[in-house]
Amino acid sequence: MSLRNGGHVRWAFDLASWRPSLTDLLLATSCIQPEEKARLAKFVFRDDFNASLIGRLMMRRFVHLATGLQYDQIQFDRDLKGKPFLKNEGYVIDFNVSHQGRYSVLAGLVTARDGPTDGKVPKIGVDVMKIEYSGGKPLGEFFRLMNRNFSDDEWRYIRSQPNEAEQLEAFMRNWCLKESYVKNVGVGITVDLRKINFAIGSKVLDRKKVVCDSTLKLNDVLFRDWRFEESLIDKNHCVAVALENFPLDADLTENCFEIIGFDTLVEGHKPLLAIDEHYCGGIINKEYKKSK
C-alpha cells in the first residue's frame, strides 16, 4: 500500500464483513490514544464502536505512511470545531473520516513538506452515503420533511429525475456533497444548508472512475478554488471528497476508493497502551443493531 497521485489516499473499510474477535479488539484498542479509547467506550452499539475504531486506525495508518512516524509517535488532537488533526509538527497533511451504511472511509492528502508557496494549505473532507431510504413514509413525504436542507435549484434537480430510485440517488448525492463540504470546513450540519447550493455535473457515478464536475455556490457565490470528487464504492454507496486549495488542473479521475482490511491497518503497529482485557470484555458484550 502506498500513496498515489502525488500524495492521496482513498480508503474504504467494509464494516459489515468485520466482526472483530476479542484478540482483534485487544490489539486495536492498544493502538489508539487514551482519550480516543474513552470516547469510543460511550457508544451503545457495537456497530458504532467498530466504525469509529476503524476510523481511528485508518487515520494512524495514513499518517504512518505519509510521514514515516511510528504508530506510537503519532499524536492526534481536535481543533475547536472537533475535527481531528495531526499534532506532530513539521508535516503538511490533512485527512478526514466518515462512516455510514457498511463502510468507514478515509480521504487523505499530503502536501510538500515545505508547504504551499502562496500560503493556501490544501484541505480535505469526505462523506459516504448509503443510497437507501427505509423511513417508512412515502418518499415524497420524506422529501417534504427534508425541504430545509436543500436549495430550490437542488430540489428542482432531485425532483426532475424520472423515477423514485433516481430521485433518491440524486438526493443522496447532494447530501453527500454537502456533508463533504461542511466536514472540510469543520462546521458540522449547523449552517443553513439551503445556502450551500450544488450543481450536479455527471449524472451517472462509477466504481472505477471519479468525476469532478459538480460545482458549489455558497450564498450565490461560485467557489472556484474547490473541487469535488464523486464515485461509488459499490452500487449502494456513493462517496464525495471536498478539496480546497488544490490545483485545478490535477487529474483526480483515478482516485477511486480502495477496499482495505484489518490486517493492513495494524501492519507494523506499535502499541500506545497496555492490553486492556476488562475494557474489551465490556465492548464484546455490547449488542449490534438489529437489521431492519
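What counts, and where the lines are drawn
- Going along each chain's sequence as written, the residues are numbered from 1 onward.
- pLDDT decides what is reported in this predicted model: residues at 70 or higher carry local features, side-chain atom pairs at 80 or more are listed and counted, and totals for whole chains, interfaces and linings draw on all residues regardless.
- To obtain the side-chain values, all non-hydrogen atoms of the structure were used and water was disregarded.
- Buried residues of nine kinds, namely Ala, Val, Leu, Ile, Met, Phe, Trp, Tyr and Cys, make up a nonpolar core once their side-chain atoms join them within 4.5 Å.
- A 1.4 Å probe rolled over the protein chains alone gives each residue an accessible area, and that area as a share of the maximum for its type sets the label: buried under 20%, exposed over 50%, partly exposed in between.
- Secondary structure is summarised from DSSP: a helix means a run of H or I of at least four residues, a strand means a run of E of at least two, and numbering begins at the N terminus for each.
- Contacts are assigned to residue pairs with any non-hydrogen atoms lying within 4.5 Å of each other.
- The term salt bridge refers to a side-chain nitrogen of Lys or Arg lying within 4 Å of a carboxyl oxygen of Asp or Glu.
- In this scheme, strands are said to pair when DSSP sees at least two bridges between them.
- Working convention: axes come from line fits to C-alpha atoms, limited for helices to the stretch in contact. Angles between N-to-C directions cover 0 to 180 degrees.
- Positive: Lys, Arg. Negative: Asp, Glu. His and the chain ends are not part of the count.
- By the criterion applied in these results, polar contacts are pairs of N or O atoms within 3.5 Å in which, for protein atoms, one can donate a hydrogen and the other can accept it, and in which residues neighboring in sequence qualify only through two side-chain atoms.
- The directions from the helix axis to the C-beta atoms form the arc being described.

(A) The arrangement of the nonpolar core in detail. Membership of the largest hydrophobic core comes to 36 residues, with the highest contact counts inside it found for Leu53, Ile54, Leu57, Phe62 and Val63. Elements with a minimum of two residues in this core: β1 (8–14), α1 (22–28), α3 (46–67), β4 (93–100), β5 (103–110), α7 (262–265) and α8 (277–284). Among the elements that line this core, the one with the most residues is α3, at nine residues. The contacts of Val63, once residues within four sequence positions are left out, are Gly68, Leu69, Ile74, Phe76, Leu86, Ile93 and Phe95.

(B) Molecular detail of the pattern of salt bridges. Counted by the stated rule, this structure contains 16 salt bridges. A salt bridge links Lys203 to Glu166; the shortest N-O distance between them is 3.1 Å. Remark: Glu166 occurs in helix α6 (residues 164–185) and Lys203 occurs in the loop between β7 (196–199) and β8 (215–218); sequence separation between them is 37 residues. By relative accessible area, which is 43% here, Lys203 ends up partly exposed.

(C) Quick look at unusual backbone geometry. In this model, Asn219 sits at a positive phi of 55 degrees, which is unusual for a non-glycine residue. Asn219 gets classed as partly exposed once you look at its relative accessible area, which sits at 48%. For Asn245, which is not glycine, the phi torsion reads 60 degrees and is therefore positive. By secondary structure assignment, the location of Asn245 is in the loop between β11 (237–244) and β12 (258–260).

(D) Examining the sheet that holds β8 more closely. With antiparallel pairing, the three strands of this open sheet are ordered in space as β7-β8-β9. Only two strands of the sheet have a single partner each, and these edge strands are β7 and β9 (221–222). Both β7 and β8 contribute to a ladder of four bridges, which runs antiparallel. Bridge pairing links Phe198 to Leu216 in β8. Contacts from α6 reach β7 and β8 within the one sheet, and its direction differs from that of β7 by about 125 degrees.

(E) Spatial organisation of the packing of helix α5 (residues 152–159) against α6. Two elements in contact, α5 and α6, have axes separated by 8 Å at closest approach and are oriented at 150 degrees. In contact with Glu154, Trp155, Tyr157, Ile158 and Arg159 of α5, α6 contributes Gln167, Ala170, Phe171, Asn174 and Lys178.

(F) Representation of the side chain of Asp234 in the model. Locating Asp234 in the fold gives a position in strand β10 (residues 226–234). No salt bridge forms around the buried Asp234; measuring N to O, its nearest opposite-charge neighbour Arg102 is 5.0 Å away. In terms of polar contacts, Asp234 uses its side chain to reach the side chain of Tyr103, at 2.9 Å. Only 2.8 Å separates the side chain of Asp234 from the backbone nitrogen of Asn236, close enough to count as a polar contact. Among residues more than four places away in sequence, those in contact with Asp234 are Arg102, Tyr103 and Arg207.

(G) Inspection of α8 at higher detail. Of the residues making up α8, those classed as buried are Tyr279, Cys280 and Ile283. Seen end-on, α8 carries its buried residues on one side only, within an arc spanning 90 degrees. α8 presents Glu277 and His278 as exposed residues on the side facing more than 90 degrees away from its buried surface. Of the residues flanking the start of α8, the one acting as N-cap is Asp276, its side-chain oxygen 3.4 Å from the backbone nitrogen of His278.

So yeah, pure geometry; function would need other evidence.
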